[in-house]
Amino acid sequence: MNYEGDIIRPPSEADAIIIQVTVGCSHNHCTFCGAYKNKSFRVRSDEEIEENIAFAEQYCRRQKRVFLADGDALILSQRRLLKIFSQIKGRLPWVKRLAMYGNAKAIRSKSREELKELKAGGLRRIYMGLESGDDTILAAVRKGETGESMIQAAEQVRAAEIFLSVTFLLGLGGISNSLQHARESGRVLSQMRPNQIAALCLMPLNNTPLGKEYAAGRFRLPDAQAMLLELRELIINLDCDRVQFMANHASNYLPLSGRLMRDKDSMLHKITLALQGNHPLVPEQYRAL
Ligand code: SF4
């Protein structure tokens, strides 16, 4: 497969054929994100995409899913996406599911009808980063969105009946805004009502503006105990049913997963045990992005 730069995909797309249709992220301003800092955003040419589909046709016959990379492939025009979907359907008929990252702006750039058309073309899952539901934090990290604009984007995905997975970043408010970050995110996520919520822990990266603030001591990251308190506050403030909740990414101190609202109390109980020192945490050296 012909990839440009490092390829990033969600953990649940580990078995997918990854076809890179864009390079980088069209936003690329988030101060905590180092994923595409060394890539200038561009849409890959028809020839490059066709070459990768041809590779998959020959070598990826056992993989039933396709993930379209990079950062927000959904930003592609409707015409271009439908063309790629149709090529995948024609050349890789064994593929059952298409998925991609889509930031809130990319989602809002599509009408509900267009999203339904993408669903009919095979798009089954969109991964979107909320990071925080708190407008002050979103502005500070230059996400380019507000809680309300994220809720609006989520409503569009839900109306098209596409599975929506949303990430939340523990620690993004620093020590001072930790609980406010959790509360507002709980409120916004409850209104977004995604199918899946994935909570990750912020691990500041040297190549990011926030990482530099952290290294200079101007951004203070909550420690393990404070991250657990933040996670607890988030879950307390979640009021959305039939949502898969996961905090089991390698960055988390306490692997946790369950179904809301059914498992809310058991997840809170596990956090309480960990806060009391009665449940082990992932050692610092084993945490990773
Ligand atoms: S967090 Fe998402 S939207 Fe922000 S720069 Fe990274 S890939 Fe782009």
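Up top is the structure.
What comes next is a walk through the structure. Bear in mind the structure is a predicted one, so any value in this text is a computation, not a measurement. (Residues numbered from 1 in each chain as written. Predicted model: local features only at pLDDT ≥ 70, side-chain atom pairs only at ≥ 80, totals over all residues. Heavy atoms only, no water.)

## Some words on the pattern of salt bridges
This is how it is decided: Salt bridges are defined as contacts in which a side-chain nitrogen from Lys or Arg sits within 4 Å of a carboxyl oxygen from Asp or Glu. Runs of E in the DSSP output that reach at least two residues are strands. Runs of H or I that reach at least four are helices, and both are numbered from the N terminus. The rule is simple: take the accessible area with a 1.4 Å probe, protein chains only, and divide by the maximum for that residue type; under 20% is buried, over 50% is exposed, in between is partly exposed.
Overall, the coordinates contain 15 salt bridges when judged by the stated rule. Close ionic contact of Asp 46 with Lys 83 constitutes a salt bridge, the shortest N to O distance being 3.0 Å. Here the residue Asp 46 occupies a position in helix H1 (residues 46-59), and Lys 83 occupies one in helix H2 (residues 78-91), the gap between them amounting to 37 residues. For Asp 46, a relative accessible area of 28% puts it in the partly exposed group. The class of Lys 83 is partly exposed, set by a relative accessible area of 32%. Glu 57 is paired through a salt bridge with Arg 91; the nearest N and O atoms lie 2.7 Å apart. In this pair, Glu 57 sits in helix H1 while Arg 91 sits in helix H2, placing the two residues 34 residues apart along the sequence.

## Description of the packing of helix H9 (residues 224-236) against helix H10 (residues 264-275)
What counts, and what does not: In this analysis, axes come from line fits to C-alpha atoms, helices being fitted only over the stretch in contact, and the angle between any two N-to-C directions falls in the range 0 to 180 degrees. Should an angle fall under 35 degrees it is called roughly parallel, over 145 degrees roughly antiparallel, and 65 to 115 degrees roughly perpendicular, with every other angle called oblique. Left-handed describes a crossing whose near helix is turned anticlockwise from the far helix by less than a right angle; the clockwise case is right-handed. By definition, residues are in contact when any of their heavy atoms lie within 4.5 Å. Each residue gets one label: Ala, Val, Leu, Ile, Met, Phe, Trp, Tyr, Cys and Pro are nonpolar, Asp, Glu, Lys and Arg are charged, and the others, such as Gly, are polar.
In the contact formed by H9 and H10, the axes pass within 10 Å of each other and the chain directions differ by 160°. Classified by the angle between their axes, H9 and H10 sit roughly antiparallel to one another. Regarding H9 and H10, the two cross each other, and that crossing is left-handed. Seen from H9, the contacting residues are Gln 225, Leu 228, Leu 229, Leu 231, Arg 232, Ile 235 and Ile 236; seen from H10, they are Lys 264, Met 267, Leu 268, Ile 271, Ala 274 and Leu 275. Residues of the contact of H9 with H10, tallied by class, amount to 10 nonpolar, 1 polar and 2 charged.

## Observations regarding the side chain of Asn 252
Applicable threshold: What qualifies as a polar contact is a pair of N or O atoms within 3.5 Å, subject to a donor-acceptor requirement within protein and to the restriction that residues adjacent in sequence count only when both atoms come from side chains.
Among the secondary structure elements, Asn 252 is positioned in the loop between strand E9 (243-246) and strand E10 (257-260). Residue classification places Asn 252 among the buried residues on the basis of a relative accessible area of 3%. At a separation of 3.2 Å, a polar atom in the side chain of Asn 252 contacts the main-chain carbonyl oxygen of Ala 199. If we skip the residues at most four places from it in the chain, Asn 252 touches Leu 170, Ala 199, Leu 200, Cys 201, Ala 247, Val 282 and Arg 287.

## Digging into the site of the ligand
Keep this limit in mind: To be near a molecule or strand, a residue needs just one of its heavy atoms within 4 Å of it. Site definitions follow a grid-based scheme: protein atoms alone, a 1 Å grid, a 1.4 Å probe that fits but cannot get out for cavities, and for pockets an open set with protein on both sides within 12 Å along at least five of seven lines, plus lining residues having an atom within 4 Å of a point. Cavity and pocket membership follows a simple rule, namely that a molecule belongs there if more than half of its atoms are within 2 Å of the grid points.
Close contacts around the ligand come from Cys 25, His 27, Asn 28, His 29, Cys 30, Phe 32, Cys 33, Tyr 36 and Lys 143, and that covers them all. Here the ligand is seated within the largest pocket. Counted by class, the shell around the ligand contains 5 nonpolar, 3 polar and 1 charged residues.

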